[in-house]
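Summary of structural features
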Amino acid sequence: MKQQGRFPVTLVGYGRYGNYIGPKYAKPGYPWHMEAVVDPALDEAAFARTVLGSLKPETRIFPGLERWKEAYFDTLSAEKQQRVVVELALPANIVSRVARQLMEMGVRQIILPKPVADLECDVDALLAAAVAYQAKVAVASQWYYSAIPRIIKRDLARLTAPGSGRRLERARITFSKENGQAVAPAPLCEYPHLLQILHSAGLMGQARRTAIEGTEFALRVHYATPDIAHGITGVAEMDYVRTPAQRDRYPQWEYQERTLYVWASDDAREPLLAVDFWIKFAPSGDSVIYTGRYTTREPDGSVLSHGIAEDLLLQMHEAIFAAFDQPYAAFEADPAVLSVGRYADIGLEIVRVHAQWGAHVADLHDPRPLAESAA
């Protein structure tokens, strides 16, 4: 039996994500043990008020990486340094730089947020550094580790099998949240979720991006694919407004719409498959207080529907830490973990969409006459 708590973990950046992942790292009986948090904006009193701080009060708080290296990492034996895992919870524009800094310090196991960068050059630099240092770098894109996209892939193949008389006509996936304007731009916050689901569900085969629209807080991307007659539309919004039917539901929560609808040729009104991906946990991280829903329209006309309630963060970390037990080459070859190399195509698509969306939004705000701005 492998030793519990064998990976000492440092979380760099706390903020919003710390309150989500903290309860998972506080759970006993897993291969990780929380040792430190690096965040200049976090003090011990504020940390003590969080779930992680209340359950792991021995966790050390550092204002920056240099102090963490001097007072913690450099004091470890060489064998223990090799087991250290650092998870980053940072904005996309600094992830690549900080990850490369950690590799230079000697850290060989790193968990990155998605997206891993906001510029193509930073994605390239990150990939090159991981290879040069033989660092095991995993990406915390939770839908990669979920069974739900694989079930979607299986069901769409089953429901449109030869002889069914059905062909996929169009798909629409939306990941949006209320009051998210200050969190991050839509292409770097909600869009990575939907893009991962589309890839993991097998819906992006031979897909090509054909259009981008947007506003300051919203993004709409269209992909053409030979597998879906009228293509796929992805919508990401940071200023989601509830519908009248949603207005009185769960007034204490910030509302989210996280849905996928796929229509087939036999019925333009009712979707062949519909998924509500929104799964909400209590602040403790131990219980589900809102379940998602998975619905299919079957060949016999019946509708099957059931709740979904995966603990995405916990099962993602279980898969990542299991992969960290392997040597570098085995880690890179293991499809159970989303290495930064395996994530490269999605990561590059995110930064390209972000750049095109940024140019589109800038044009919307350009006060110059059209002829002058085009010159």
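Everything below is about the structure printed above this text.
First, a word on what this report is: a plain description of the structure on this page. Everything quoted here is computed from the prediction, not taken from an experiment.

Cut-offs applied
Residues numbered from 1 in each chain as written. Predicted model: local features only at pLDDT ≥ 70, side-chain atom pairs only at ≥ 80, totals over all residues. Heavy atoms only, no water. Buried < 20%, exposed > 50% of the residue type's maximum accessible area, 1.4 Å probe, protein only. Helix = DSSP H or I, 4+ residues; strand = E, 2+ residues; numbered from the N terminus. Right-handed = clockwise from strand over helix to strand, strands pointing away. Pairing = 2+ DSSP bridges. Salt bridge = Lys/Arg side-chain N within 4 Å of Asp/Glu carboxyl O. Phe/Tyr/Trp six-rings, centres within 6.5 Å; stacked < 30°, edge-to-face > 60°. Lys NZ or Arg CZ within 6 Å of the ring centre and 35° of its normal. Axes fitted to C-alpha atoms, helices over the stretch in contact; angles between N-to-C directions. Contact = heavy atoms within 4.5 Å.

As a further point, take the pairing of strand S5 (residues 109-112). Alternating positions in S5 separate into two faces, Gln109 and Ile111 on one and Ile110 and Leu112 on the other, with burial throughout. Since strand S4 (residues 85-88) and S5 lie parallel, the crossover through helix H6 (residues 92-105) that links them has a hand, and here it is right-handed. Where S5 and strand S6 (residues 136-139) come together, four bridges link them in parallel fashion. Within S6, the position partnered with Ile110 by the bridge is Val137.

With that out of the way, let us pick up the pattern of salt bridges. Side-chain pairs of opposite charge can arise where the charged atoms are in close proximity. With the rule as written, the count across this model stands at 18 salt bridges. Here Arg6 and Asp325 are joined by a salt bridge, their closest N and O atoms 2.5 Å apart. Taken as a pair, Arg6 in the segment before strand S1 (7-12) and Asp325 in the loop between helix H12 (312-324) and helix H13 (328-333) lie far apart in primary sequence, 319 residues in all. A relative accessible area of 31% means that Asp325 is categorised as partly exposed. Put simply, Arg166 and Asp266 hold a salt bridge, and the shortest N to O gap is 3.1 Å. Of this pair, Arg166 sits in the loop between helix H8 (148-159) and strand S7 (168-177) while Asp266 sits in the loop between strand S11 (256-264) and strand S12 (273-276), and the two are 100 residues apart along the sequence. A residue is classified by how much of its surface remains accessible, and Arg166, at 11% relative accessible area, is buried. A cluster of three or more residues bridged by salt bridges with shared partners is formed by Arg154, Asp155, Arg158 and Glu298.

This brings us to the packing of aromatic side chains. For the structure shown, the criterion picks out 21 aromatic pairs. Taken together, the aromatic side chains of Phe7, Tyr25, Tyr30, Trp32, Phe321, Phe324 and Phe331 make up a single cluster linked through ring pairs. Here the guanidinium or amino end of Arg170 rests over the ring plane of Trp263, the centre of that ring lying 3.7 Å away. For Lys280, the ring lying beneath its charged end belongs to Trp253, and the centroid distance is 5.4 Å.

With that settled, consider the sheet that holds strand S8 (residues 208-215). If you walk across this open sheet you meet the eight strands as S8-S9-S10-S7-S11-S12-S15-S16, and the pairing is mixed. Strand pairing shows two members of the sheet lacking a second neighbour, S8 and strand S16 (303-308), which therefore form its edges. Direction aside, neighbouring strands of the sheet carry axes that sit 10° apart on average. Examined bridge by bridge, S7 and S11 share nine bridges and lie antiparallel to one another. Among the inter-strand pairings, Lys177 is bridged to a residue of S11, identified as Gln256. Together, S7, S11, S12, strand S15 (292-297) and S16 form the strand contacts of H8, whose direction differs from that of S15 by roughly 10°.

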